[in-house]
Each structure stands twice: as structure tokens, then as C-alpha cells.
Amino acid sequence: MRARTALGAVFVAIAVLAVALPPAIAASPTYDITTLAGKVAALRGTAGLQVRFSALIEEEAGEPEIPPPGPTAPITPNIVLSSPLDGQSILPPNVLVNQDTAAAPQNETSIAVDPNNPNRVVASANDYVSRTWSCTIDGTPCSALGDAYSGTYFSNDGGQTWCCTSTDPDHLGTLIPGVTRLTGGVYDAGGDPAVAFDSRGHVFYAGLGFNRTSAPNTVAVNKGTFDAGGALSWGAPVFINPTTSPSTLNDKEWIAVDSHVSSAFRDNVYVTWTRFKFNGHSGAYTQSPIFFVRSTDGGATFSTPKAISGNVLYGQGSRPVVGPDGTLYVFWDGSTRLASLNSTYVVKSTDGGATFSSPIAISKLTDSALLKNTIFRNNSFPAAAAAPNGDLYATWTTELQNAGTPNYAGDPTCAPWLGASTATCHSVAVYSKSTNGGSTWSAPAPVFASATQVPDGYPVTQPNGDVLQEPDSALPVEQIFPAVAVAPNGRVYLSAYSADIVSPWQTCAAGPPPPVGRITCDTLGNYIHNARLDYRVRDLTTNVTNNVNTHPINTRNGFGGGFFGDYTDIAVGSDNVFHALWTDSNDLQTVVWFYGFEFVPTAIHQEDIVTVSGSF
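Before going into details, it helps to say that this report is about the structure given with it. Given the structure is predicted, the values throughout are model-derived calculations rather than measurements.

**Remarks on the overall build of the chain**
- Secondary structure assignment for the chain yields 5 helices and 37 strands.
- Taken over C-alpha atoms, the radius of gyration comes to 23 Å for the chain, in line with the 25 Å a tight globule of 616 residues would show.
- Projecting the C-alpha coordinates of the chain onto the three principal axes gives extents of approximately 70 × 65 × 50 Å.
- Counting the 616 residues in the chain, one finds 58% classified as buried.
- Counted over contacts in the chain with a minimum sequence separation of 6, partners at least 24 positions apart contribute 65%.
- When the accessible surface of the chain is summed, it comes to about 21600 Å², and 54% of that surface belongs to carbon and sulfur atoms.
- When the 30 positive and 49 negative side-chain charges of the chain are each reduced to one mean point, those points stand 10 Å apart.

**Focus: unusual backbone geometry**
- Between Cys163 and the following residue, Cys164, the backbone shows a cis peptide bond with an omega angle of 20 degrees.
- You can see Cys164 is positioned in the loop between strand E6 (149-155) and strand E7 (189-197).
- The omega angle of the peptide bond from Pro514 to Pro515 is 5 degrees, so this bond is cis rather than trans.
- Structurally, Pro515 can be placed in the loop between strand E29 (492-510) and strand E30 (523-539).
- Residues other than glycine seldom take positive phi values, yet Ala103 does so here, at roughly 65 degrees.
- Topologically, Ala103 is positioned in the loop between strand E1 (95-96) and strand E2 (106-113).
- The residue Tyr595 is not glycine, and still its phi comes out positive at about 55 degrees.
- Position of Tyr595 relative to the elements: it lies in the loop between strand E35 (588-594) and strand E36 (597-605).
- For Tyr595, a relative accessible area of 5% gives the class buried.

**Re the pattern of salt bridges**
- Following the criterion strictly, the structure yields 13 salt bridges and no others.
- We note a salt bridge from Arg266 to Asp267, for which the minimum N-O separation is 3.9 Å.
- Judged by relative accessible area, Asp267 falls into the buried class, the value being 11%.
- Through salt bridges with shared partners, a single ionic network connects Arg44, Glu58, Glu59, Arg377 and Arg518.

**Points about the packing of helix H3 (residues 36-44) against helix H4 (residues 55-62)**
- With their axes 8 Å apart at the nearest point, H3 and H4 run at an angle of 120 degrees to one another. Overall, the two elements H3 and H4 adopt an arrangement that is oblique. In terms of crossing hand, the pair formed by H3 and H4 is left-handed. Contacts between H3 and H4 involve Leu36, Ala37, Val40 and Arg44 on the former and, on the latter, Ile57, Glu58, Glu60 and Ala61.
- Grouping the constituent residues of the contact of H3 with H4 by class yields 5 nonpolar, no polar and 3 charged.

**Digging into H3**
- Listed in full, the buried residues belonging to H3 are Leu36, Gly38, Lys39, Val40, Ala42 and Leu43.
- Taken together, the buried residues of H3 touch H4, strand E8 (203-210), strand E12 (248-257), strand E13 (269-278) and strand E14 (285-287).

**With respect to the sheet that holds strand E33 (residues 569-572)**
- What the 4 strands build is an open sheet, ordered E1-E37-E34-E33; its pairing is antiparallel. Of all the strands in the sheet, just E1 and E33 have a single pairing partner and so form its edges.
- Bridge count for E1 against strand E37 (residues 608-614) is 2 bridges, and the pairing is antiparallel. Residue pairing in the sheet places Leu96 in a bridge with Val610 of E37.

**As for the state of the cysteines**
- Evaluated as defined, the whole model comprises 4 disulfides.
- Each sulfur of the disulfide joining Cys414 and Cys425 lies 2.0 Å from the other. The sign of the S-S torsion, about -90 degrees, decides the handedness of the disulfide formed by Cys414 and Cys425: left-handed. Here Cys425 lies in strand E23 (residues 425-434) and Cys414 lies in the loop between strand E22 (392-401) and E23, a separation of 11 residues in the sequence.
- Residue class for Cys414 comes out buried when judged on its relative accessible area of 1%.
- For Cys425, a relative accessible area of 1% puts it in the buried group.
- Covalent S-S linkage joins Cys508 and Cys521, the inter-sulfur distance amounting to 2.1 Å. Looking down the S-S bond of the Cys508 and Cys521 bridge, the torsion is 95 degrees, so its handedness is right-handed. Of this pair, Cys508 sits in strand E29 while Cys521 sits in the loop between E29 and E30; the two residues are 13 residues apart in sequence, bridging distant segments of the chain.
- Cys508 sits in the partly exposed class, given a relative accessible area of 32%.

**Description of the nonpolar core**
- Counting 50 residues, the largest nonpolar core has Ile255 and Val271 as its most contacted members.
- The residues touching Val271, leaving out its near neighbours within four places in the chain, are Val219, Val221, Ile240, Glu253, Trp254, Ile255, Phe291, Phe292, Val293 and Phe302.
- Among the nonpolar cores identified, the runner-up in size contains 25 residues, and Ile90, Tyr493, Ile553 and Ile570 belong to it.

**Comments concerning H4**
- For H4, the tally of buried residues reaches 7 of 8 residues, placing the bulk of the element in the interior.
- Three or more residues of H4 are buried, namely Ala55, Leu56, Ile57, Glu58, Glu59, Glu60 and Ala61.
- Elements that come into contact with the buried residues of H4 comprise H3, E2, strand E3 (121-127), E7, E8 and E12.

**Some thoughts on the packing of aromatic side chains**
- Scanning the entire structure with this criterion turns up 27 aromatic pairs.
- Taking the centre distance of 6.1 Å and the plane angle of 50 degrees together, the rings of Phe376 and Phe564 count as tilted. One end of the pair, Phe376, is in the loop between strand E20 (360-365) and strand E21 (383-386); the other, Phe564, is in the loop between strand E32 (553-554) and E33, with 188 residues separating them in the sequence.
- By the ring-pair criterion, three or more aromatic residues cluster together here, those being Phe376, Phe481, Tyr497, Tyr535, Phe564 and Trp582.
- Cation over ring: Arg120 sits above Phe226, and NZ or CZ is 4.0 Å from the ring centre.

What counts, and where the lines are drawn
- Residues numbered from 1 in each chain as written.
- Predicted model: local features only at pLDDT ≥ 70, side-chain atom pairs only at ≥ 80, totals over all residues.
- Heavy atoms only, no water.
- Helix = DSSP H or I, 4+ residues; strand = E, 2+ residues; numbered from the N terminus.
- Rg over C-alpha atoms; globule rule 2.2 N^0.38 Å.
- Buried < 20%, exposed > 50% of the residue type's maximum accessible area, 1.4 Å probe, protein only.
- Contact = heavy atoms within 4.5 Å.
- Areas by Shrake-Rupley, 256 points an atom, 1.4 Å probe, with all protein chains shown as cover.
- Lys, Arg positive; Asp, Glu negative; His and termini not counted.
- Charge placed at Lys NZ, Arg CZ, Asp CG, Glu CD.
- Salt bridge = Lys/Arg side-chain N within 4 Å of Asp/Glu carboxyl O.
- Axes fitted to C-alpha atoms, helices over the stretch in contact; angles between N-to-C directions.
- Parallel < 35°, antiparallel > 145°, perpendicular 65-115°, else oblique.
- Left-handed = near helix turned anticlockwise from the far one by under 90°.
- Nonpolar A, V, L, I, M, F, W, Y, C, P; charged D, E, K, R; others polar.
- Pairing = 2+ DSSP bridges.
- Disulfide = S-S within 2.5 Å.
- Core = buried A, V, L, I, M, F, W, Y, C linked by side-chain atoms within 4.5 Å.
- Phe/Tyr/Trp six-rings, centres within 6.5 Å; stacked < 30°, edge-to-face > 60°.
- Lys NZ or Arg CZ within 6 Å of the ring centre and 35° of its normal.

Put into C-alpha cells, the structure is as follows:
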């Protein structure tokens, strides 16, 4: 979240308008908060406030209401947007985690390793696989009824192979049951997945359940169990803070489990999330505190939800972390009412979540703007991890000037809500460390060394005959969606997307609207500059940094380039091997059904989730 401007100036402006304009014009806007779109509009309409919903919620709010299509001939795409610089498959040592081959999008990655078995790894993602199901229900294609769903995948060989895929409501694979309608639940969609193991080999999945055009929404937790043969099955969900009130929206949850066998709170399950609140009469946004629940009975029941963010009432992107002694820490991106910049905050509990400390500001930050030459939504939500010796690490992104002495602790000259421009600024991943249980923190430092983007694929000829040359000046490499994990041997791994390369991308000048228009274009437009990403991992202990993806990632593929997930993740097993997990777009798959529309079999690039395992 980005902070408010000085409220006094806002109040003065409102007072002037009230005098100068007729009451009908001066009246505050109202919002239909029974829908996701109305809630998003209310949040965006709050003057000086930069808090945003998760990218998943904003993507879902913007999805058009599409009636199930009638029987038609399969669509033959005219032009499928692509680039000769795109990959054609996921190449070793990268491993494709989602097992469908029908071009369903997957994004927003979380990964966890069984503390007792380093070969057992569970991953999660938003999974739109039902959008490609060929089955029908009462004559309507399943792909017209599905939405964003909660997907899981598991490996019993250290991440080298993965199971499973879902093909229809009778064959769910490891799609989370009981939340969304096609999996036996009551909600239109699910998302924002996170996974964590307990000390006894059970895995827990936290996610959202929500409707796009009506108020009901919830946080959901499912418990997963492995049988003797290594197959994973999921129990029914436990719904946390389910609500039908339009004045409340649960968003951006995360889960942690105390897997330390010597902890007094062994196997406690902790869930945090953002509770967005709106005025019941006007629909105006009022606040978004961080809420918390715990389970002491293996996820069967949870405590009454409570706010833990104190006076930091405008927050998002919470992340619970359990230290080796059982101390619980919760990190988030937030602001007090009169702050000009956000901060990364932390609270802690030494009694298993019964009580929490007051918030401690780790550092100010300037929330990341869109990366240059991209259009996918992003954020500065933190990730965090605890080392075996109790040291804590937090990482996030902040915006700073391209030139001059870098200000990693929040640069007001890059804050548009303070009247600044981001034209000469860039997003950079930073981290901070605490050696005293979160009481004090080191000054934020960059995760990766500074560098400039490398041009690739220039020049290209525009449709009108003009030539697009590489950019006149190289932009700084930007980072987004960082993650952190600490190995049992104390090695600290930091990771993030890094926009290393800039290349030409040919746009679509005319074509059908989404969702069909995400696959086919009628008329090609001009080339533009397009940043492509690498996924980088740094071993903080040895100071070795490597790109772990095998081909640069084009974020223009999938969802029209506007949504590439809110986060990435990295985890480490008891064998000290890390497992990095990110959204990729280099696999070429064949789509037939998409959002209820049938296509002739068409090869497209779509969003997949990809992992790599290793150590430096």
C-alpha cells in the first residue's frame, strides 16, 4: 500500500468545492460495493491513498460478464500474438510444475518442503484449468462456468516430476475441493494461494473464495494428507471470516505453520489477511487492517478473527513467519493515517498468537510503480524468513531515482501521490536483517547489484515502414516480487524477477474483445519496447547470483499482459536444496476450449508455473 497525502490539504479542497459548486456536483461519489468492480472503484477513488487490492482481485473485477456462447463453429484465430524471441518449451533444469497441456493460465506461486522429507514438495498457484475443460453441464461448456481456481501440485522426488492435472469436475486432480462451484463449493472463484507444512507431514493450503458480482467472500484453509504411496488428498475447507456483507472484503491471505518439534506451539496453524472495510451507505473505502486467526487443533477449527496491525490501519500483503523458538512474526506493507510514505511493518507474538506486540516499522518504502515497458500490475508486499539461529530477513521492493545516491529507505521524489513523477525512477528489490528478534533492523540494501537493460531483437520495421531502433539510453534493471528462504545450514537465498532485457513487441491494432481477443488478433499494430524478465537467485552467504530460468520471460503472454501474479516464492528443504518457483510463459501449448469458446487447436504461449532446484 502507498500512503495518504497530507489530509489537511484534501479537507481544504473538499471545503472549497462544497462552497463553489452546486450540492449535486459537490456530493461525494457512491460505489456499488456488492461487486468486486465497485470495491475496486471505491479504493481507487480514495484521494491520496495508494493501497490496492491484490492483482488477482483486480483482474477478476475487470473480467467481463460473458454469457455462455451458443453452438458455433470452432474459431480459427487470424493472428496469434507472439515474438520470435519467445521460448518454445520449458527446458532443463527448469521443470514445468502444472501438468495440463491445454494452455490454461497458472500464476501466483507458493512452495513448501516437508521438514521430514526433503523429496516431498508441494506447490500452489491460481489455476484457470477449468477454463479449458471440454466437458458440459446442462449443455453449457465447463469452460464457460469456471473461473480462477485454487491449484496444487506435489512432487515426491525433490521437484523433478510433479502430479497432477485436472480435466473436469469428476477428475479434479489436486485442485482444491469444496471452495469453488465446480469443485463442490459455493464461490465463483478462488485464489491468492499459499502452502505450509506442519512437523508431522501434513500440508495446509490457504486461499480465497469470492464472487465477482455479489458480496460473499471468505478465507479458506484445506488440510492435505499424503498416503503410504505418496499421493496427496485434500480435506474439506474450513471457512474463516466468511461474509455476505458488501462492506467487507477479505484479501491477500497467507499461511504459516509452526513445524518446530521443540516449540511450545508445535503445529499451530497461523493465517493472516487484509480485511478491507467500506462505508455501508456510500461504499467509500475506510481502512484495511491486517487480521489474524490461529488453529491449535491441526486446522480443524480457528480462533475468532482479530486485528493485529494496531494503528497501521491501511495495510496489505501480510506474511506470517515462525521462528525456531516458536515466536510468530507477521510482516506487511502499510501506513498510519498521516504518513507520507508506506513502511514495511512487523509485529510479533511470543505466546502462540494469543497476543501481539505493537507494530515496528522496519523501513519506509516507496511502493513500486509499473516496471518500465511492461503493463502487468505489481506491488511492494514483503516476503520474510527466519534462520535457524533466530535471525530474521525481510525483502520487498521500493522505487528510487535512476541517478544519484540511491535512497533504499523510501524515496519521496518517486512518489506520485506526493506530486512526484516515476519517469526517472525504477523499482529495486531490497532486504533487511534483524539479529534481535525483530526489535531493530539493518538499513535496507539492494538484493542484486545494479545493472542496465540489454537490448535484443532490434531493429524492427513498423507496419508503416518506419524502423524501431533500440532505446536511446539503457534503463536500469528493475526487480519485482522478491522472495527469501533460509536453509538449515544458514545459507540465505533471495530471489526476484529481474527485467534484464528490452525487446520489440508487436501490438494488436484491432481484434475481438477478451477473452477471445487474448488468443486471436485481426490486425497487427506498431512495435513497442517490451521488458523481458529473468528469475534471479542470490546466495547471500556466498554472494553468488545466478539467473535460474533458462529463457527470458515475456509478460505480454497471458491475460493481455496485465496480470502476471502478485508474488513468487522460494523454499529450502532439510537437505539444504532450494526450490524456486515462478510464473513463466515460455511453454507453447495447444488451446481448444477457453472461457466457453471453442477454437481449432491453436498453439499459444500462456502462463505456467516453473521451478528449479539447486544450491550455489
